[in-house]
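Okay, here's what each chain looks like letter by letter:
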Number of protein chains: 2
Amino acid sequence: MSVNKEDFASQASRLSEEVTRPFPNSTKIHVTGSRDDIRVPMREITQSPTQTSGQSEPNPSIVVYDTSGPFTDPAQEVDLLRGMPDVRGPWIEERGDTEWLAGPSSEYGARRQGDPDLAHLRFEHLRRPRRARPGMNVTQMHYARRGIVTPEMEYVAIRENCRLGALRGDPRYADLLRQHPGNGFGANLPEEITPEFVRSEIAAGRAIIPANINHPEVEPMIIGRNFRVKINTNIGNSAVTSSIAEEVEKMAWSARWGGDTLMDLSTGKNIHETREWILRNAPMPIGTVPIYQALEKVDGKAEALTWEIMRDTLIEQAEQGVDYFTIHAGVLLRYVPLTARRLTGIVSRGGSILAKWCLAHHRENFLYTHFEEICEIMKAYDVAFSLGDGLRPGSLADANDAAQFGELETLGELTRVAWEHDVQVMIEGPGHVPMQMIEENMTKELKDCHEAPFYTLGPIVTDFAPGYDHITSAIGAAQIGWYGTAMLCYVTPKEHLGLPDKEDVREGIIAYKIAAQAADLAKGFPGAQMRDNAMSKARFEFRWEDQFNLAFDPDRARAYHDQTMPAQAHKVAHFCSMCGPNFCSMKITQDVRDYAARKGIGVDLAMKEGMREKAEQFKGEGGAIYPECFINH
Amino acid sequence: MSVNKEDFASQASRLSEEVTRPFPNSTKIHVTGSRDDIRVPMREITQSPTQTSGQSEPNPSIVVYDTSGPFTDPAQEVDLLRGMPDVRGPWIEERGDTEWLAGPSSEYGARRQGDPDLAHLRFEHLRRPRRARPGMNVTQMHYARRGIVTPEMEYVAIRENCRLGALRGDPRYADLLRQHPGNGFGANLPEEITPEFVRSEIAAGRAIIPANINHPEVEPMIIGRNFRVKINTNIGNSAVTSSIAEEVEKMAWSARWGGDTLMDLSTGKNIHETREWILRNAPMPIGTVPIYQALEKVDGKAEALTWEIMRDTLIEQAEQGVDYFTIHAGVLLRYVPLTARRLTGIVSRGGSILAKWCLAHHRENFLYTHFEEICEIMKAYDVAFSLGDGLRPGSLADANDAAQFGELETLGELTRVAWEHDVQVMIEGPGHVPMQMIEENMTKELKDCHEAPFYTLGPIVTDFAPGYDHITSAIGAAQIGWYGTAMLCYVTPKEHLGLPDKEDVREGIIAYKIAAQAADLAKGFPGAQMRDNAMSKARFEFRWEDQFNLAFDPDRARAYHDQTMPAQAHKVAHFCSMCGPNFCSMKITQDVRDYAARKGIGVDLAMKEGMREKAEQFKGEGGAIYPECFINH
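- By the naming in an unreviewed UniProt entry, chain A is Phosphomethylpyrimidine synthase, taken from Candidatus Sedimenticola endophacoides.
- Checking UniProt for chain A, the heading Function (unreviewed entry) contains the comment "Catalyzes the synthesis of the hydroxymethylpyrimidine phosphate (HMP-P) moiety of thiamine from aminoimidazole ribotide (AIR) in a radical S-adenosyl-L-methionine (SAM)-dependent reaction."
- The Pathway (unreviewed entry) comment attached to chain A in UniProt states, word for word, "Cofactor biosynthesis; thiamine diphosphate biosynthesis."

Listed below in structure tokens is the structure:
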């Protein structure tokens, strides 16, 4: 870890321009809730007007869900040395059920904080940790079950709606809001998401808001089958060292492209300090796998792990503000032999660590035997469980086998226990699964885990496309998202091969934004089709700039367009130089429209077919034709 | 068109090395059929042995379907000036139902051939065209219906099997051939594909072998729901000029990565000559959209098109050897008004041309009114119909509407007509469709078009990811392929933005190979999982070189791996440097195995659970654990 504060001040107190640059033609807006300090960020994309035969008709702006955080807000001064703004502090304070601690109550946390050798690495403005007052439970689930609608719940309700209610009343959006009915496989998607609906979903355990009381910087978001499908991204310096500055940059980069949550899977030295830097600057919920750090504390000897070390690690990370923990408590002693016949054994690192521990001591998984004590810690900080699938299949061959489904049933049992403590839970899923076996994973998870949110990795639908596993897995992710998975853990093109660089992270995120959007559309999430409709209208009208700006990745769309048609004229011209004037269907469109209008052919044709209504439309609008110039036939 | 023969001799009599280079550790093999001149090419990938504690156990080679043609055969001298070897000539000759013509019988073809100014562009070794003798019908469907199994049918049967029958009898493949049961949505997938099965599928119209008697260079392949899912790629110089040499190189590039058929969508000058160069060197079936060339002949004025011009163009291209024609005969006058209310009107260029013609003359589509005459031409050369979906949706909003489905019903009616002439037919499909509406397209096509093979473009499942439409469409393609689509038309990352370069073509092809493979697995195509199993075993055993070699794209897999782990040691080392020694689950695996073996824990555990059988396995094999190092949690 080479970075020190001076480096930070110089290189990273500001993030790189490509991370903070606002999106083209976009404005960061904030929708205020029932109180002034509930200000929900969204991105408003401005469109250019439609030009037709001299006339100009304005197109309304499109409001989209915004994960990019304060980084893309010109009104925000981004200083990584100070951290991001405090969003939730007052809400937590008001509840009066927490207390400030003098310092870290974990032995390890205290030691790191007191170590003068780490001064140059340490985040400067350390906040004292908060903890629930004795006997108190500070989870969102606890409040929800007591009928309390928290500011966090109202925040996510506003965020999920993306101003849909207001747009419905605005005639300019009437056409853009047209949407096909979905098939939700039993999902319950109300026309408008109210704070009360959010509360009821959380109370029922069908959704979670990962929001540790020690992570007030988080912009609350919700993970549940009846909300927008979310995606998670991973960072982690792993063996290949990367500086704290690089990790923070990666976190912001992930936020920019659409990561809803982020897991810090660092395994290098100083991960305690790295985590602090990330949390103090992270607008999204942060997840970790505490067993990794626990294992480092025992020099990587799984059999040397103890509950005490794990417990101290959980408290250490909870007091830093980690929002959810992956806990592999379902890897039971009796399941390990079930992996013997597998083609690829146990592929989850957490799972393998615990399998080894179980066999070494020939005792039951200590995360399972101490699960209630873990719940006590979780509810004192509101850390959510991400119950890990340590026995997930690592190949198509091992999909849906006894080990995987045995563990899933145990995760369902543990879900019940966590819920008795009002601790929020989501369930991790595979992995590698052929398409015809994906739905069974969802059906079984909903049944065995009592509808707790499902959080899957892909699944990858074929094993032999290394270098393209963002695609093999986006195919599976889109399907399982449609069936009801609440959050999709992204996969990059480097999966199975190497560590992703920034480009890989972008590729992986966009592939997963596509999968999540496809799932929202298929389920029929209200308003999900608006941006598709706006893009299609812009396409039909050759509004190239709007096409770029409405895209998931405006930079790439523009760059690809410019490779073929660099001239500025090509971004305004009302014909497409791809096909040449004689071949442009857009030109043909106009001809057809003229014919239709002049001769009323549309009408008289339609009359012949007795399609009076259609005829009237045609008379009014003309037969519209536009080319997919790069498909052609 | 700047190229002349001298350029060819210098630059393109050989293809570039990256196109002809054999795949790593791969051998081109030929499986001989009932006669010596039926030699079906396949690719055999050699694997390295498994090393475990000093012992070495060989891994059998994997035979894969090979589209790469003579270009990757070291035994072949590739000379574009002479063209590729004659595969089918003798078979066609033997049937005795064709005759050699003195020269092109199309007016345009004759004129081009006689034009001295084109000498420098013209393919040197022009063959005289063949045509069915008067009253004869030379289609594969005609033979099939008369009970004749042609060499072409036997060829594709051998090709589809990929030696599966032989491998089934070989104990070394027992584990590799383990496969999950599929869900074929009514597909009929026999354990072994016999020539007779091929014949019966073609006779029933459920499959086609696109193989013009004037394209003897083609390596026969089959398109049908009960065979491997195929993919099509597109080339075409379009407005942006590209030389003949470049087009031929692109064709070979497409073959290398897995294109099963190729459509030449060129719209520039000299497309007649370009087509000749492509056909004489193409091992895969070539498709075109003849209306494009017909339109050029009338200077792009759709209303100036006549049946006579179209007829001459069909004969011109049929005598060059085009294997299938996209014919937009379903764009009926009465359907055009139905597009008036669409968000994106008519996006098919062919569809828009015919819509314009219909309105201009206020008469029915001349391809519809002359359909029987078209059939007469098709059966004289065995050109297959690809009945075009000129009214396919260009946006999610327009999916599955009255115009699209009205045209589909007409395509079903035309299919019956074509079949009365024993002309082979496939049906083109969309386009842009949200996931929940994809299955209806397949169900309706099977019903309305009497199970004729479906050939779809994607579908794209969300509209606003320009720059990533190979992914948005691969998601839809995998699903519709699973439901029963026989061939998937690829989409590149440049879709909607610009013209694809070689990298885009590779990206698009691999995305579609993934979709097709995912579909074959989901349907349960026999043997489909073998390569997945081999890859997973190689992964589990850290046989990096085998992982690269078994991949769809060995070059990229290796390149990505080397970016993180360049050293040669990393390709043999039995631990993964990604996670560092303490974190490598592979190392943990070994520990677990040792424990299990030494203490028999697996056994005694399993006994406790009354899992005697499992216990025995565990005793024998140990609990196997391996890391997905780049997933981690």
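There's more to say after this.
1. Here we look at the overall build of chain A
- Each helix and strand counted, chain A has 25 helices and 17 strands in total.
- Across the 633 residues that make up chain A, the buried fraction comes to 70%.
- A separation of at least 24 residues holds for 76% of the contacts in chain A among residues at least 6 apart in sequence.
- Surface exposure of chain A reaches about 19100 Å², of which carbon and sulfur atoms provide 50%.

2. Some remarks on the UniProt feature "domain: ThiC-associated" (unreviewed entry) in chain A
- The feature "domain: ThiC-associated" (unreviewed entry), as annotated in UniProt, sits at residues 22-99 of chain A in this numbering.
- Taken as a whole, residues 22-99 of chain A contains 9% helix and 33% strand, while its terminal C-alpha atoms sit 38 Å from one another.

3. A look at the UniProt feature "binding site: Zn(2+)" (unreviewed entry) in chain A
Residues and elements named next belong to chain A.
- The residues that UniProt annotates with the feature "binding site: Zn(2+)" (unreviewed entry) are H432 and H496. Over a stretch of 65 residues, the named residues converge on one spot in the fold, their C-alpha atoms separated by at most 12.3 Å.
- Relative to the elements of secondary structure, H432 occurs in the loop between β15 (425-429) and α17 (438-448).
- Within the structure, H432 has its side chain in polar contact with the backbone oxygen of G394 (distance 3.5 Å).
- At 2.8 Å, the side chain of H496 forms a polar contact with the side chain of D469.

4. Concerning the side chain of R122(B)
Residue and element names in this part refer to chain B.
- Structurally, R122 can be placed in the loop between α4 (107-114) and β7 (130-132).
- There is no salt bridge for the buried R122, and the closest opposite charge comes from E273, which lies 5.2 Å off by N-O distance.
- Separated by 3.3 Å, the side chain of R122 and the backbone oxygen of Q113 make a polar contact.

5. Section: the sheet that holds strand β14 (residues 384-387) of chain B
Residue and element names in this part refer to chain B.
- Ordered in space as β10-β11-β12-β13-β14-β15-β16-β17, the 8 strands form a closed barrel in which the pairing is parallel. Shown here is a sheet whose adjacent strand axes are inclined to one another by a mean of 25°, direction ignored.
- When strand β16 (residues 454-457) meets strand β17 (residues 487-489), the two strands line up parallel, connected through 3 bridges. Bridge pairing in β17 links Y455 to M487.
- The strands touched by helix α10 (residues 271-281) within the sheet are β10 (230-235), β11 (261-264) and β12 (286-288), with β12 carrying the most contacts at an inclination of about 155°.

6. With respect to the sheet that holds strand β2 (residues 39-45) of chain B
All names here are of chain B.
- Spatially, 3 strands are ordered β1-β2-β5 in an open sheet, and the strand pairing comes out antiparallel. Both outer strands of the open sheet, β1 (26-32) and β5 (62-65), are each paired with one neighbouring strand and no more. Averaged over neighbouring strand pairs, the angle between their axes works out to 40° when direction is ignored.
- Across 7 bridges, β1 lies against β2 in antiparallel orientation. In the strand pairing of β2, T27 is matched with E44.

7. Things to note about the packing of aromatic side chains
- Under the defined criterion, the tally for this structure stands at 28 aromatic pairs over all chains.
- Ring plane angle 25° and centroid distance 5.7 Å describe the contact between W482(A) and Y483(A), whose orientation is recorded as stacked.
- A relative accessible area of 5% means that W482(A) is categorised as buried.
- For Y483(A), a relative accessible area of 6% gives the class buried.
- Where F185(B) meets Y483(B), the ring centres are 5.0 Å apart and the plane angle is 80°; that geometry is what we call edge-to-face. With a gap of 298 residues between them, F185(B) in the loop between α7 (164-168) and α8 (195-203) and Y483(B) in helix α18 (residues 469-483) connect regions that are remote in the sequence.
- A relative accessible area of 30% places F185(B) in the partly exposed class.
- The residue whose ring lies beneath R256(B) is W257(B), and the NZ or CZ to ring-centre distance is 5.6 Å.

8. Details of the confidence of the model for chain A
Residue and element names in this part refer to chain A.
- Residue-level pLDDT values for chain A average 89, and 87% of them are 70 or greater.
- Taken together, the stretch residues 575-583 has pLDDT below 50 and engages in 30 contacts with residues farther than four places along the chain or on a different chain.
- Considering only residues more than four positions removed or in separate chains, one finds that residues 601-633, a stretch of pLDDT under 50, has 115 contacts.
- Predicted as a complex, the structure gets a pTM of 0.93 and an ipTM equal to 0.93.

9. Section: helix α17 (residues 438-448) of chain B
Residues and elements named next belong to chain B.
- All of the buried residues along α17 are I438, N441, M442, K444, E445, L446 and D448.
- Those residues of α17 that are buried lie in contact with α16 (402-420), β15 (425-429), β16 and α18.
- Phi turns positive, to about 60°, at H450, one or two residues after α17.

10. Observations regarding the packing of helix α11 (residues 290-297) of chain A against helix α13 (residues 349-361) of chain A
All names here are of chain A.
- One way to put it is that α11 packs onto α13 with a least axis distance of 10 Å and a crossing angle of 50°. With respect to α13, the axis of α11 lies oblique. With respect to the hand of their crossing, α11 and α13 are arranged in left-handed fashion. Between α11 and α13, the contacting residues are I291, Y292 and L295 on the first element and R349, G350, I353 and L354 on the second.
- Tallied by class, the residues present in the contact of α11 with α13 amount to 5 nonpolar, 1 polar and 1 charged.

11. Describing the side chain of N533(B)
- Checked against the element boundaries, N533(B) lands in helix α20 (residues 530-540).
- Here N533(B) is in contact with L343(A), A397(A), D175(B), L176(B), L177(B) and R178(B), once residues within four sequence places are set aside.

12. So, the pairing of strand β2 (residues 39-45) of chain A
Residue and element names in this part refer to chain A.
- Within β2, 5 of the 7 residues are buried, which leaves it mostly tucked inside the rest of the structure.
- Hairpin connection from strand β1 (residues 26-32) to β2: 6 residues lie between these consecutive antiparallel strands.
- In this structure, β2 lies alongside strand β5 (residues 62-65), joined through 4 bridges in antiparallel fashion. Pairing of E44 across the sheet is with V63, part of β5.

13. Considering the pattern of salt bridges
- For the coordinates displayed, the defined rule picks out 90 salt bridges over all chains.
- Of the charged contacts in the structure, one is a salt bridge between R131(A) and E99(A), with a shortest N-O distance of 3.8 Å. Here E99(A) lies in strand β6 (residues 98-100) and R131(A) lies in strand β7 (residues 130-132), a separation of 32 residues in the sequence.
- When its relative accessible area of 27% is taken as the criterion, R131(A) is described as partly exposed.
- Across the salt bridge formed by E249(B) and K502(B), the nearest N and O atoms sit 2.8 Å from each other. In this pair, E249(B) sits in helix α9 (residues 244-257) while K502(B) sits in helix α19 (residues 502-523), placing the two residues 253 residues apart along the sequence.
- Look at E249(B) and you get buried, because its relative accessible area is 13%.

14. Points about a negative patch on the surface
- Taken together, the side chains of E308(A), E372(A), E373(A) and E420(A) make up a negatively charged region of the molecular surface.
- Locating E420(A) in the fold gives a position in helix α16 (residues 402-420).

15. Considering the environment of A110(A)
Residues and elements named next belong to chain A.
- Inspection of the secondary structure assignment puts A110 in helix α4 (residues 107-114).
- Of the residues examined, A110 reaches a relative accessible area of 34% and is grouped as partly exposed.
- In the structure, A110 is positioned 188 residues away from V298 in sequence and 18 Å away in space, judged by C-alpha atoms.

16. Considerations on unusual backbone geometry
- G458(A) connects to P459(A) through a cis peptide bond whose omega is 5°.
- Looking at the element boundaries, P459(A) is found in the loop between β16 (454-457) and α18 (469-483).
- Here the amide bond leading from P430(B) into G431(B) is cis, since omega sits at 0°, within 30 degrees of zero.
- Relative to the assigned elements, G431(B) resides in the loop between β15 and α17.
- One non-glycine residue, F542(A), lies in positive phi territory at about 55°.
- Relative to the helices and strands, F542(A) resides in the loop between α20 (530-540) and α21 (544-550).
- At D299(B), a residue that is not glycine, the phi angle is positive and equals roughly 55°.

Rules used throughout
Residues numbered from 1 in each chain as written. Chains lettered and ligands numbered in written order. Predicted model: local features only at pLDDT ≥ 70, side-chain atom pairs only at ≥ 80, totals over all residues. Heavy atoms only, no water. UniProt positions renumbered as here; feature names shortened; annotations may be inferred. Helix = DSSP H or I, 4+ residues; strand = E, 2+ residues; numbered from the N terminus. Buried < 20%, exposed > 50% of the residue type's maximum accessible area, 1.4 Å probe, protein only. Contact = heavy atoms within 4.5 Å. Areas by Shrake-Rupley, 256 points an atom, 1.4 Å probe, with all protein chains shown as cover. Polar contact = N/O pair within 3.5 Å; in protein donor to acceptor, adjacent residues only side chain to side chain. Lys, Arg positive; Asp, Glu negative; His and termini not counted. Salt bridge = Lys/Arg side-chain N within 4 Å of Asp/Glu carboxyl O. Pairing = 2+ DSSP bridges. Axes fitted to C-alpha atoms, helices over the stretch in contact; angles between N-to-C directions. Phe/Tyr/Trp six-rings, centres within 6.5 Å; stacked < 30°, edge-to-face > 60°. Lys NZ or Arg CZ within 6 Å of the ring centre and 35° of its normal. pLDDT = per-residue confidence, 0-100. Parallel < 35°, antiparallel > 145°, perpendicular 65-115°, else oblique. Left-handed = near helix turned anticlockwise from the far one by under 90°. Nonpolar A, V, L, I, M, F, W, Y, C, P; charged D, E, K, R; others polar. Patch = residues over 30% accessible without salt bridge, like charges linked within 9 Å, V, L, I, M, F, W, Y side chains within 5 Å. Charge placed at Lys NZ, Arg CZ, Asp CG, Glu CD.

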